[in-house]
Amino acid sequence: MTDNKNESISAHEAVYFIFGATGDLARRKLFPALYSLYREGKLGERFAIVGLARRPRTQEQFRDDVHESILEFCRYKPSEQEAWNAFAEHFTYQSLDTGNVEAFKQLKTHTEQLEAQYDIPGNRLFYLALAPELFGNVSRNLRDGGMLETTGWHRLVIEKPFGYDYPSAERLNEEIRHAFREESVFRIDHYLGKEMVQNIEVIRLSNAFFEPLWNNNHIANVQITLAETVGVEERGAYYNKSGALRDMVQNHMLQMLTMIAMEPPSRLDPEDIRDEKVKVLRSIRKLESGEEIRSSIVRGQYSQGSSRGKELKGYRQEDSVDPDSTTETFFSARLFVDNFRWAGVPFYVRTGKRLPVKSTEIVIEFKNVPNNVLFAKRQELLPNLLVIRVNPMEGIYIKFNAKKPGNDMTVQPVAMEFCQSCQVGLNTPEAYERLIFDAARGDHTYFTRWDEVAVAWKLIDPIASAWREDSKDLQFYPAGSWGPEKADKLLTDEGFHWWPVNGQDEDNVIWVSNTSK
Ligand code: BG6
């Protein structure tokens, strides 16, 4: 049957298959997300969840795993045993060899029993929390094992990384498309599930004091920072191959950039929004020659350092990392979106591991008013800023100039903040809750379409290949610092600077906020 997004009433009456059910993603994100959806009534009662992995687990062991994961990671905690049992009984576990089609045929029998038990009209959502090498095999065996022959819809949800470069992503896509049509594929970029990333559209398009200014006449530059304090932890083997470029830039950073830069879609239809995002990706100026890449991108790797009094080892000393590795743990770039709206406006992006704070922020810096007229250059006017705080604090603030009370005309910067997480508590839905719910409703808006993924890889591949050939420009930065100094130069060359995240270190600014800042 065709995949129809308007089936909203029955969309959540489904069997959810979690491939990789004994893995970290399932434990930290997926089970807690499913429980939150259940607690909020979004799953109803007519659903079943089937955990799948190679390792044998009894039903009891599996339900205990789920319980522990929810106690540790969910924003709701199960209280009464009876209520918990009512949820847990929807979970079953099946050990499965993803390469064996016979196992999928058995899964089909099990699924049909569950559909009869819970009166589910054949809707099946397959969540692959697996290494991408397995996506092709699993999709094929789902098809050959008869799991897609259903009276309802079937949808495939897959995690990043979607490929390693454009050719591998294309191969992967072909493998999947043998079994699933594009409308049935939901590629996750969990940044698109974040409350404030979804809020970008609303902030931009529903405010008369932002929308008319959203262009190169009024915006001087855009800064997107995704800073992390963690190192590579136990993911050295994966990270050493991917680096920041593939782990963060190809997906999360470019997705945030497209949300800022896209043209207003004519309707809030998922395809209209995704069309606009693809146009932005196509308009990003490609960096191809070694010289273009060196002058617009800074790559770094953390060396030994410290943070808050704690000694931190260097990347090359991390487990499963090659001691001569040239993998970048920091990336910063000056990008341009070559279209009429954005011509000439630099988009500065930076992301890194082992930076001083965990913070994702987007700063829109507006062009200054001429200060040589009214203020006769007596004062340096600071530019107006709109700052979107994505993670872990959620909110926005604007910075503007006002008169300092008194007799003279002294101008004082003021920041007015709406701290959303302070307002509604830290209990806003997690990215994975929204995304699972959207996939179950068939809403593609916050999933990446194949052409978006493809264009993003085409931007990334020349950079990766230039870096492979020559690693001389790799800069080292002490763990716990803000990355290589050269990353500042990308901005200072043009008379700008990185605005401190969290509005830190800005003593002369008056803050008006719903927090206790
Ligand atoms: C993941 C990356 O996609 O995003 C990780 O693989 C990174 O390396 C994580 O730590 C960051 O996500 P968040 O939501 O914690 O900012």
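Source: prediction; values computed, not measured.

## Comments concerning the overall build of the protein chain
Within the protein chain, the secondary structure is distributed over 14 helices and 18 strands. Against the compact-globule benchmark of 24 Å for 517 residues, the protein chain has a radius of gyration of 24 Å, which places it among compact chains. Taking the principal axes of the C-alpha coordinates as reference, the protein chain spans close to 80 × 50 × 50 Å. Burial analysis of the protein chain (517 residues in total) assigns 57% to the buried set. Counting only contacts in the protein chain whose residues sit at least 6 apart along the sequence, the fraction spanning at least 24 positions is 77%.

## Some remarks on the pairing of strand S12 (residues 346-352)
Along S12, 7 of the 7 residues are buried, which leaves the element largely enclosed by surrounding structure. Residues Pro346, Tyr348, Arg350 and Gly352 point to one face of S12 and Phe347, Val349 and Thr351 to the other, with burial holding for every one of them. Judged from the 6 bridges that link them, strand S7 (residues 219-227) and S12 form a sheet pairing that is parallel. From the neighbouring strand, Ala227 faces S12, where its bridge partner is Gly352. Here 7 bridges tie strand S11 (residues 330-336) to S12, and the two strands are oriented antiparallel to one another. Paired with Arg334 across the bridge in S12 is Tyr348.

## Structural notes on the environment of Phe210
Note on placement: Phe210 falls in the loop between helix H7 (195-205) and S7. What makes Phe210 buried here is its relative accessible area of 7%. Separated by 176 residues in the primary sequence, Phe210 and Leu386 have C-alpha atoms spaced 9.1 Å apart. Apart from residues no more than four positions distant in its own chain, Phe210 is found in contact with Ile203, Arg204, Phe366, Leu386 and Ile398.

## Concerning the UniProt feature "active site" (unreviewed entry) in the protein chain
Those places that UniProt annotates as "active site" (unreviewed entry) correspond, in this numbering, to His252. His252 sits in the buried class, given a relative accessible area of 2%. The contacts of His252, once residues within four sequence positions are left out, are Lys160, Asp189, His190, Tyr191, Leu226 and Asp247. One polar contact links His252 to Asp189, side chain to side chain, over a distance of 2.7 Å.

## Observations regarding the site of the ligand
Every residue close to the ligand is listed here: Lys160, His190, Tyr191, Lys194, Glu228, Arg235, Asp247, Met248, His252, Lys353, Lys358 and Asn391. The contact in question runs from an oxygen atom of the ligand to an N or O atom on the side chain of Lys160, over 2.8 Å. At 2.6 Å from an oxygen atom of the ligand is found a side-chain nitrogen or oxygen belonging to Asp247. No other element matches the 3 residues that helix H8 (residues 236-261) contributes to the shell around the ligand.

## Side note on the pattern of salt bridges
Summed over all chains, the structure comprises 41 salt bridges. The salt bridge partner of Lys277 is Glu452, with a shortest N-O separation of 3.1 Å. Residue Lys277 is located in helix H9 (residues 270-283), and its partner Glu452 is located in helix H13 (residues 450-469); the two are separated by 175 residues in the primary sequence. A residue is classified by how much of its surface remains accessible, and Lys277, at 0% relative accessible area, is buried. The salt bridge partner of Arg299 is Asp473, with a shortest N-O separation of 2.7 Å. With Arg299 in strand S8 (residues 297-303) and Asp473 in the loop between H13 and strand S17 (475-478), this pair connects stretches of sequence that are 174 residues apart. In this structure, Arg299 and Asp473 share a single accessibility class: buried. A single salt-bridge network, built from bridges that share partners, covers Glu271, Arg274, Asp275, Arg449 and Asp451.

## Overview of the packing of aromatic side chains
Taken as a whole and assessed by the stated rule, the structure comprises 27 aromatic pairs. An angle of 65° between the planes, with centres 6.1 Å apart, marks the rings of Tyr239 and Tyr315 as edge-to-face. You can see Tyr239 sitting in helix H8 and its partner Tyr315 sitting in the loop between strand S10 (310-312) and S11, a full 76 residues away along the chain. The exposure class of Tyr315 is buried, given its relative accessible area of 0%. Among the aromatic residues, those joined into a cluster by ring pairs are Phe31, Tyr35, Tyr38, Phe47, Phe62, Trp84, Phe87, Phe91 and Tyr93.

What counts as what
- Residues numbered from 1 in each chain as written.
- Predicted model: local features only at pLDDT ≥ 70, side-chain atom pairs only at ≥ 80, totals over all residues.
- Heavy atoms only, no water.
- Helix = DSSP H or I, 4+ residues; strand = E, 2+ residues; numbered from the N terminus.
- Rg over C-alpha atoms; globule rule 2.2 N^0.38 Å.
- Buried < 20%, exposed > 50% of the residue type's maximum accessible area, 1.4 Å probe, protein only.
- Contact = heavy atoms within 4.5 Å.
- Pairing = 2+ DSSP bridges.
- UniProt positions renumbered as here; feature names shortened; annotations may be inferred.
- Polar contact = N/O pair within 3.5 Å; in protein donor to acceptor, adjacent residues only side chain to side chain.
- Near = heavy atom within 4 Å.
- Salt bridge = Lys/Arg side-chain N within 4 Å of Asp/Glu carboxyl O.
- Phe/Tyr/Trp six-rings, centres within 6.5 Å; stacked < 30°, edge-to-face > 60°.

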